[in-house]
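Spelled out, the chains give:
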Amino acid sequence: MNTFSDFIRNASVEEKTEVYTKVMEAASKKQNEMVRLTNTQESSTKYGPCECCGKNVSEVWVKTGPKPYFNHEGKKIMESVGSTFGHRECLEAV
Ligand SMILES: [Zn+2]
């Protein structure tokens, strides 16, 4: 019986690349479907400035979904799921 791991063991580099590309595409599509944008109907007075541009926001939106995390040098260290607060336009652009 051929299993997926048998296939991977015998697959060429090209075949493996093709499979992993499909897996990554499916995973990122799934992550995008998880994105939720919600209007908090509150301003920066309550939630602080936009996390994307640092400016004050009159109507703060919160985006829940994949969120990049950066170290102190500004280098992306990981991506997890989290909430980002800010302008709707900024959150949609991320
Ligand atoms: Zn902004």
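This structure is a prediction, so every number in the text was calculated from the model and none was measured. (Residues numbered from 1 in each chain as written. Predicted model: local features only at pLDDT ≥ 70, side-chain atom pairs only at ≥ 80, totals over all residues. Heavy atoms only, no water.)

Asker: Provide a residue-level description of the coordination of the zinc ion, including the pertinent values.
Answerer: The protein atoms donating to the zinc ion are Cys50 (SG), Cys53 (SG), His87 (ND1) and Cys90 (SG), with metal-donor distances spanning 2.1 to 2.3 Å. For the zinc ion, the four donor atoms in the first shell make angles of 101 to 116° at the metal, so the coordination geometry reads as tetrahedral. Here the donor residues of the zinc ion are spaced in sequence according to C-x2-C-x33-H-x2-C. Of this pair, cysteine 53 sits in the loop between helix H3 (44-47) and strand S2 (61-70) while cysteine 90 sits in helix H4 (residues 88-93), and the two are 37 residues apart along the sequence. (Donors = N, O, S within 2.8 Å, 3.2 Å for Na, K, Ca; no water. Tetrahedral: all angles 85-135°; square planar, octahedral: opposite > 155°, others 65-115°. Helix = DSSP H or I, 4+ residues; strand = E, 2+ residues; numbered from the N terminus.)

Asker: Could you give me a rundown of a nonpolar patch on the surface, with the residues and numbers involved?
Answerer: On the surface, a cluster of nonpolar side chains totalling about 330 Å² of accessible area is made up of Tyr20, Val23 and Met24. Examined against the element boundaries, methionine 24 turns out to sit in helix H2 (residues 13-33). (Patch = residues over 30% accessible without salt bridge, like charges linked within 9 Å, V, L, I, M, F, W, Y side chains within 5 Å. Areas by Shrake-Rupley, 256 points an atom, 1.4 Å probe, with all protein chains shown as cover. Salt bridge = Lys/Arg side-chain N within 4 Å of Asp/Glu carboxyl O.)

Asker: Residues and numbers for the sheet that holds S2, please.
Answerer: The sheet built from three strands is open, its strands ordered S1-S2-S3 with antiparallel pairing. Edge positions in the sheet fall to strand S1 (36-39) and strand S3 (76-86), since each has one partner strand and no second. This sheet shows a mean twist of 35° between the axes of neighbouring strands, independent of strand direction. Bridging between S2 and S3 involves ten bridges; their strand directions are antiparallel. Paired with proline 68 across the two strands is glutamate 79, which belongs to S3. (Pairing = 2+ DSSP bridges. Axes fitted to C-alpha atoms, helices over the stretch in contact; angles between N-to-C directions.)

Asker: Let's hear about the environment of valine 57: which residues, and what values?
Answerer: Checked against the element boundaries, valine 57 lands in the loop between H3 and S2. By relative accessible area, which is 5% here, valine 57 ends up buried. C-alpha separation for the pair valine 57 and threonine 45, spaced twelve residues apart in sequence, amounts to 8.5 Å. Discounting residues that sit within four places of it in the chain, valine 57 has contacts with Ser43, Ser44, Pro49, Cys50, Gly86 and His87. (Buried < 20%, exposed > 50% of the residue type's maximum accessible area, 1.4 Å probe, protein only. Contact = heavy atoms within 4.5 Å.)

Asker: So, the packing of aromatic side chains: which residues are in play, and what are the values?
Answerer: Under the definition given, this model contains two aromatic pairs. The interplanar angle of 25° and the centroid separation of 5.2 Å between the aromatic rings of tyrosine 47 and phenylalanine 85 together place this pair among those described as stacked. Here tyrosine 47 is found in helix H3, whereas its partner phenylalanine 85 is found in strand S3, with 38 residues between them in sequence. For phenylalanine 85, a relative accessible area of 25% gives the class partly exposed. Over the ring of tryptophan 61 we find arginine 88, and its NZ or CZ is 4.3 Å from the ring centre. (Phe/Tyr/Trp six-rings, centres within 6.5 Å; stacked < 30°, edge-to-face > 60°. Lys NZ or Arg CZ within 6 Å of the ring centre and 35° of its normal.)

Asker: Tell me about unusual backbone geometry, residues and numbers included.
Answerer: Unusually for a residue other than glycine, glutamine 41 sits at a positive phi of about 60°. Turning to its location among the elements, glutamine 41 is positioned in the loop between S1 and H3. For glutamine 41, a relative accessible area of 66% corresponds to the exposed category.

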